[in-house]
Amino acid sequence: MFGIFFEEINHAGAGGLWAELVSNRGFEAGGSNTPSNIDPWLIIGDESNIIVATDRSSCFASNPIALRMEVLCGASETNACPSGGVGIYNPGYWGMNIERTNVYRVTIYIRSSESVELMVSLTSSDGLQNLASHTIMGDKEDFVEWTKVEFDLQSNYINTNSRLQLTTTKSGIIWFDQVSLMPSDTYMGHGFRKDLASMLANLKPRFLKFPGGNYVMGNYLINAFRWSETVGPWEERPGHFNDAWAYWTDDGLGFFEFLQLAEDLGACPVWVVNDGASIYEGVPSATIAAFVKDVVNGIEFARGDPETAWGSVRAAMGHPEPFQLYYVSIGNQECSKYYYKDNYVKFYSAIKASYPDIKIISSCDRSAISSDNPADLYDVHVYTSSGDMFSKSRMFDNTARTGPKAIVSEYAVTGNDAGRGTLIAALAEAAFLIGLERNSDVVEMASCAPLFVNDNDQRWNPDAIVFNSWQHYGCPNYWMLHFFKDSSSATLHPSTIQLPNYDQLVTSAITWNNPHDGNTYMKIKVVNFGSKAVSLNISVTGLETDIQTFGSIKTVLTSGWLRDENSFQQPDKVVPAASPITNAGKQMGVILNSYSLTSFDLLLDSESQVRASIQAYD
């Protein structure tokens, strides 16, 4: 039911969830013309003793750009290099977070016609503090061809705004390519930043939809996400410009890594495919066959046996077992585009012919789906104000109970009261999710958007998780999602509220089993979207087991002001607060704070069957 949607927006992956610390590691971000911009790389020294430029000398055909560094100074007294040498440095994504005693894996491809004396260092942002260093030494014959050099650096200090620098005091010309700095300690050992991936794992997501969004499409097809160019050895991935959100990505976080992340989280992957459409372009049906074949090949990469053409590529990447890919979404919000419906049928037919068990998601709404335009699910996006989002708790109440189910893959409160993630926005979204929960017979999945934002590149407000190079916090809507992480696979019970002259409450009730202690709980959730505290009497009827006197928990998400937000300075300003329920029973008097989300987790005696209905009244 409840999962997460990842889009490469706000530097969510590049400089975020993907732990690579070097930005523009292959020098490709400036484009194929040379010389090109090497941002954010900068020189150490000045033009009198060092000249750097890109050229097309790389050993990798798919990303031919390399960096040529000509050192004009040397060891002689008449033309001595400055103290510490000259070279280049990379500040990463708004500073690298280097932690004391942590180990970082350095990879560099080097070519030189002369002997090499190169110092590789982690330093403070001004270069004055050395955190760790390693010297690469070699005769001219050692580097006459492109040579891969790998080693570990272990920092002696902590610095949240560090840089990687390559320096020398030896004159000559040296070429660099694919310069990488990766922490050795990543989530599940698979390259994901540990603190951010743990934030996702704590939500217990049941699915992961990826990689976008507009990121899938690109403003133009030349910049669309092409899955086959994001697999295989990372050095050979060409990378691409994310023109939808205006930054370069080296595609270290590629199709394989998304599938791996879903597996690590215990989530079902939901792949959004490029169907031959960008924001401003579209491929007509007469020439769409290659795009269709590409998607079928992508499914083979994920699910094919290691003996298949694309399954062998996956196996070579260290995952011989197939990934559990059973959901494919055809495009992103594209139903109104001219070619979409004709192209969609071709994708649908080809996928079903090879993989009949895959559920296919249409970008069209329910009314457009028919025998001629079939779908297993249809995608719904909801972006609106908090007041309207609260009212949409009834959005699916009158939906026909047969036919394809909905995946509400993008929802968020936007507008003035959304801020950078406010309490009132989270409460409105909670009411909306309660409505989805109560209509789970016609809604199969739901996920918020966007998921991440790097505080240095906020392209969209609000977001669930905010981070920089070394900090992170969850916005109120992130903490709101914790109230729903036990809903998937739970049992829904009827619930009603009788409260005359007050229509600001929304409620649901489930029973769920805690896998950690084996206990069964009844969870009653109530959103109070109004400005007054409310006294309620909760009555549980038809329950075939007893509620334990002890062990029940009340959890409340609220704050002093409806537009309160979390921040790096106050990351816990709006977070859930739990306390024991002292009057737990089938009849309970409770008080709901104004502008609050409250859950009552009632510990039940162990029984094989639990049936109940809940009534709340004044």
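Anything mentioned here points back to the structure above.
Presented here is a report on the structure given in the accompanying data block. Fair warning: this is a prediction, and the values are worked out from it, not measured in the lab.

How each quantity is defined
Residues numbered from 1 in each chain as written. Predicted model: local features only at pLDDT ≥ 70, side-chain atom pairs only at ≥ 80, totals over all residues. Heavy atoms only, no water. Helix = DSSP H or I, 4+ residues; strand = E, 2+ residues; numbered from the N terminus. Buried < 20%, exposed > 50% of the residue type's maximum accessible area, 1.4 Å probe, protein only. Contact = heavy atoms within 4.5 Å. Areas by Shrake-Rupley, 256 points an atom, 1.4 Å probe, with all protein chains shown as cover. Lys, Arg positive; Asp, Glu negative; His and termini not counted. Charge placed at Lys NZ, Arg CZ, Asp CG, Glu CD. 1 Å grid on protein atoms, 1.4 Å probe; cavity = no way out; pocket = protein on both sides within 12 Å on 5 of 7 lines; lining within 4 Å. Points joined across faces, edges and corners; volume = space filled by probe spheres on them. Nonpolar A, V, L, I, M, F, W, Y, C, P; charged D, E, K, R; others polar. Domains from an automatic or database assignment. Core = buried A, V, L, I, M, F, W, Y, C linked by side-chain atoms within 4.5 Å. Pairing = 2+ DSSP bridges. Expected span 1.5 Å × (residues − 1). Salt bridge = Lys/Arg side-chain N within 4 Å of Asp/Glu carboxyl O.

1. A short note on the overall build of the chain
Then step 1. Summing up its helical and strand segments, the chain has 9 helices and 34 strands in all.
Then step 2. Along the first, second and third principal axes, the C-alpha atoms of the chain reach 90 × 55 × 45 Å.
Then step 3. The proportion of buried residues among the 618 residues of the chain is 57%.
Then step 4. By sequence separation, contacts in the chain at least 24 residues apart represent 74% of the contacts at least 6 residues apart.
Then step 5. Working note: accessible area of the chain is about 24,300 Å², and carbon and sulfur atoms make up 48% of it.
Then step 6. Computed over 42 positive and 69 negative side-chain charges, the separation of the two mean positions in the chain equals 6 Å.

2. Regarding the layout of surface pockets
Then step 1. Its boundaries defined by the atoms lining it, the largest pocket holds a volume of some 580 Å³.
Then step 2. Around the largest pocket, the lining is made up of 25 residues, and of these Trp18, Met182, His190, Trp234 and Glu257 lie nearest the centre.
Then step 3. Of all the secondary structure elements, the ones that give two or more residues to the lining of the largest pocket are strand 7 (103-112), strand 12 (172-183), helix 3 (255-265) and helix 5 (309-316).
Then step 4. A per-class count over the lining of the largest pocket returns 9 nonpolar, 10 polar and 6 charged.
Then step 5. Split by domain, the lining of the largest pocket shows at least three residues from each of two domains, domain 1 (1-18 + 187-194 + 211-373) and domain 2 (42-183).
Then step 6. In this structure, the second largest pocket occupies an estimated 430 Å³ of space.

3. Observations regarding the nonpolar core
Then step 1. Judged by nonpolar contacts, the single largest core of 103 residues is most densely connected at Trp271, Val408, Tyr411, Leu433, Phe452 and Met480.
Then step 2. Among the elements that line this core, the one with the most residues is helix 8 (residues 423-438), at 12 residues.
Then step 3. Two domains each donate at least three residues to this core, and these are domain 1 (1-18 + 187-194 + 211-373) and domain 3 (491-603).
Then step 4. Each residue touching Met480, except ones within four places of it in the same chain, is listed here: Tyr411, Ala426, Glu429, Ala430, Leu433, Leu557 and Leu597.
Then step 5. Among the nonpolar cores identified, the runner-up in size contains 37 residues, and Leu21, Val71, Val86 and Val106 belong to it.

4. Remarks on the side chain of Asn297
Then step 1. Secondary-structure assignment places Asn297 in helix 4 (residues 289-303).
Then step 2. Asn297 gets classed as buried once you look at its relative accessible area, which sits at 18%.
Then step 3. Excluding anything up to four places from it in sequence, Asn297 contacts Trp227 and Trp310.

5. What to know about the pairing of strand 27 (residues 505-513)
Then step 1. A large share of strand 27 lies buried, amounting to 8 of its 9 residues.
Then step 2. Bridge count between strand 27 and strand 28 (residues 520-528): 9 bridges; the pairing is antiparallel. What sits directly across from Thr511, in strand 28, is Met522.
Then step 3. Between strand 27 and strand 28, which follow one another and run antiparallel, lie 6 residues, and Gly518 among them has a positive phi close to 75°.

6. Observations concerning helix 4
Then step 1. Here helix 4 contains 15 residues, and its C-alpha end-to-end distance of 21 Å stays within 8% of the 21 Å for a straight helix at 1.5 Å per residue.
Then step 2. Burial runs high along helix 4: 11 of the 15 residues are buried.
Then step 3. Within the sequence span of helix 4, burial applies to Phe291, Val292, Val295, Val296, Asn297, Gly298, Ile299, Glu300, Phe301, Ala302 and Arg303.

7. Here's the deal with the pattern of salt bridges
Then step 1. Per the counting criterion, the structure on display carries 23 salt bridges.
Then step 2. Note that Glu150 and Lys148 form a salt bridge whose closest N and O atoms lie 3.9 Å from each other.
Then step 3. For Glu150, a relative accessible area of 39% corresponds to the partly exposed category.
Then step 4. With a closest N to O distance of 3.6 Å, Asp564 and Lys573 form a salt bridge.

8. Comments concerning the sheet that holds strand 17 (residues 327-330)
Then step 1. Read across the sheet, 8 strands follow the order 1-13-16-17-18-19-20-21 without closing on themselves; strand pairing throughout is parallel. Each edge of the sheet is formed by a strand with only one pairing partner; in this case those strands are strand 1 (4-5) and strand 21 (443-446).

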